[in-house]
Amino acid sequence: MHTKWLTGRTALVTGASRGIGAAIATSLAEAGARVCLTGRSEEALHEVATSIEADGGEVAFTCSHDLAERDGVNALVDDVFELAGHVDILVNNAGIGSREDLRPVVEFDPAFWDRTLALNLTAPFLLCRALVPGMVSRGFGRVIQVASINGRVPSSHGAAYVTSKHGLIGFTRALAIEVAPHGVTVNAVCPGPVDVDDDRRIAFDAARAGVTVAELERRLTPMGGRLLPSEIAPLTAFLASDGARSITGQSINVDRGMVMS
Ligand SMILES: NC(=O)c1ccc[n+]([C@@H]2O[C@H](COP(=O)([O-])OP(=O)(O)OC[C@H]3O[C@@H](n4cnc5c(N)ncnc54)[C@H](OP(=O)(O)O)[C@@H]3O)[C@@H](O)[C@H]2O)c1
């Protein structure tokens, strides 16, 4: 298979400073895309950019914005048009995870609810609103949402996260049907639990189940253990390619067999 199948494409990856987003940006650059990297930590973004460039990849720019704020999204869109011109591939990855502020619904902090929905759901909508018209006019585009298996099934004590990811899958379908005639596909990747150096969720679940983290991790998925960020990236690179032109409106689990629907 041609390994540089994204040559000539420009990709924007949100939340590219670490974790899944950094792995996706690296994978898209390896496939030949020119990548735009955004997150909040400038230092971490520079590290990812340096690593990509050291491997021969092309970074259009890095920029730091808070995408939970509407001004931050607008500033990112301005940067894209000024520094990259356009975007062919949009990866909406930045998100507040289920591990943050775990509480039952009746104790949920409304401000945390608002911030989670703003980053996980409204920012992808606003970025699509700004960037998809260019894709439509060029007759090619790829929108890839990093949702979650919690967009398909719930987990307890993370209502804002679960709601945002269910909403993101709904939004994926709503947009996909509108832009289907124009060469633009819209899909969601749904990771299972990924090891991103933050054990708060698994420690919380292990404590509730009365088992050790190691024991819970062993039986977390049918294949055992958590995923690596690099295991999410290849599907994203494929969905961005010409070869995936007939796949749209889909939500695809990458979860070691945890949710089989
Ligand atoms: N890890 C999992 O188990 C898992 C499972 C399923 C789905 N997911 C989803 O995958 C995506 C990435 O998760 P991850 O685990 O890789 O996350 P992570 O390691 O916590 O990284 C989150 C990324 O998003 C950026 N970010 C966070 N808040 C932001 C904000 N307000 N404005 C702009 N950027 C912001 C971070 O930037 P800075 O670091 O620079 O602040 C970072 O680059 C999320 O949408 C998450 O819901 C994760």
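Not measured: the values here are computed from a predicted model. (Residues numbered from 1 in each chain as written. Predicted model: local features only at pLDDT ≥ 70, side-chain atom pairs only at ≥ 80, totals over all residues. Heavy atoms only, no water.)

## A look at the domain arrangement of the chain
For the chain, the assigned domains are domain 1 (10–192 + 231–251) and domain 2 (196–226). Relative placement of domain 1 and domain 2: their C-alpha centres are 26 Å apart. Listed by partner, the interface residues are 10 residues for domain 1 and six residues for domain 2. Counting the surface lost from both domain 1 and domain 2, the interface buries some 760 Å², and carbon and sulfur atoms represent 54% of this. Linking domain 1 with domain 2 are two salt bridges, by the criterion used here. For Glu100, the salt bridge is made with Arg200, and the minimal N-O distance between the two is 3.3 Å. (Domains from an automatic or database assignment. Contact = heavy atoms within 4.5 Å. Buried area = accessible area lost by both parts, 1.4 Å probe. Salt bridge = Lys/Arg side-chain N within 4 Å of Asp/Glu carboxyl O.)

## Structural notes on the site of the ligand
The immediate surroundings of the ligand are formed by 29 residues, with Ser17, Arg18, Ser41, Asn93 and Val194 found nearest. The backbone of Gly15 places a nitrogen or oxygen atom 3.1 Å from an oxygen atom of the ligand. Between the ligand and Leu67, the relevant distance is 2.9 Å, taken from a nitrogen atom to a main-chain nitrogen or oxygen of the residue. For the ligand, whose free accessible area comes to 900 Å², the fraction covered by protein is 93%. Those elements giving two or more residues to the shell around the ligand turn out to be α1 (19–30), α4 (110–138) and α5 (159–179). (Near = heavy atom within 4 Å. Polar contact = N/O pair within 3.5 Å; in protein donor to acceptor, adjacent residues only side chain to side chain. Areas by Shrake-Rupley, 256 points an atom, 1.4 Å probe, with all protein chains shown as cover. Helix = DSSP H or I, 4+ residues; strand = E, 2+ residues; numbered from the N terminus.)

## Let's talk about unusual backbone geometry
Even without glycine at this site, Asp101 takes up a positive phi of about 50°. Phi at His157 takes a positive value of approximately 70°, unusual for a residue other than glycine. Along the chain, the position of His157 falls in the loop between β5 (141–146) and α5. Note on His157: relative accessible area 22%, which makes it partly exposed. (Buried < 20%, exposed > 50% of the residue type's maximum accessible area, 1.4 Å probe, protein only.)

## Focus on the nonpolar core
A general tendency of soluble globular proteins is for nonpolar side chains to be buried together. Within the largest apolar cluster, 42 residues are counted, with the highest numbers of intra-cluster contacts made by Leu12 and Leu90. Those elements giving two or more residues to this core turn out to be β3 (58–64), α3 (70–84), α4, α5 and β6 (184–191). Among the elements that line this core, the one with the most residues is α4, at 12 residues. Membership of the second largest hydrophobic core comes to 35 residues, among which are Ala31, Ile89, Val194 and Val254. (Core = buried A, V, L, I, M, F, W, Y, C linked by side-chain atoms within 4.5 Å.)

## Some words on the side chain of Thr236
Along the polypeptide, Thr236 turns up in helix α8 (residues 233–239). Side-chain polar atoms of Thr236 contact the backbone oxygen of Ile232, separated by 3.2 Å. With residues up to four places along the chain from it excluded, the contact list for Thr236 reads Ile24, Leu28, Val91, Ile144 and Val189.

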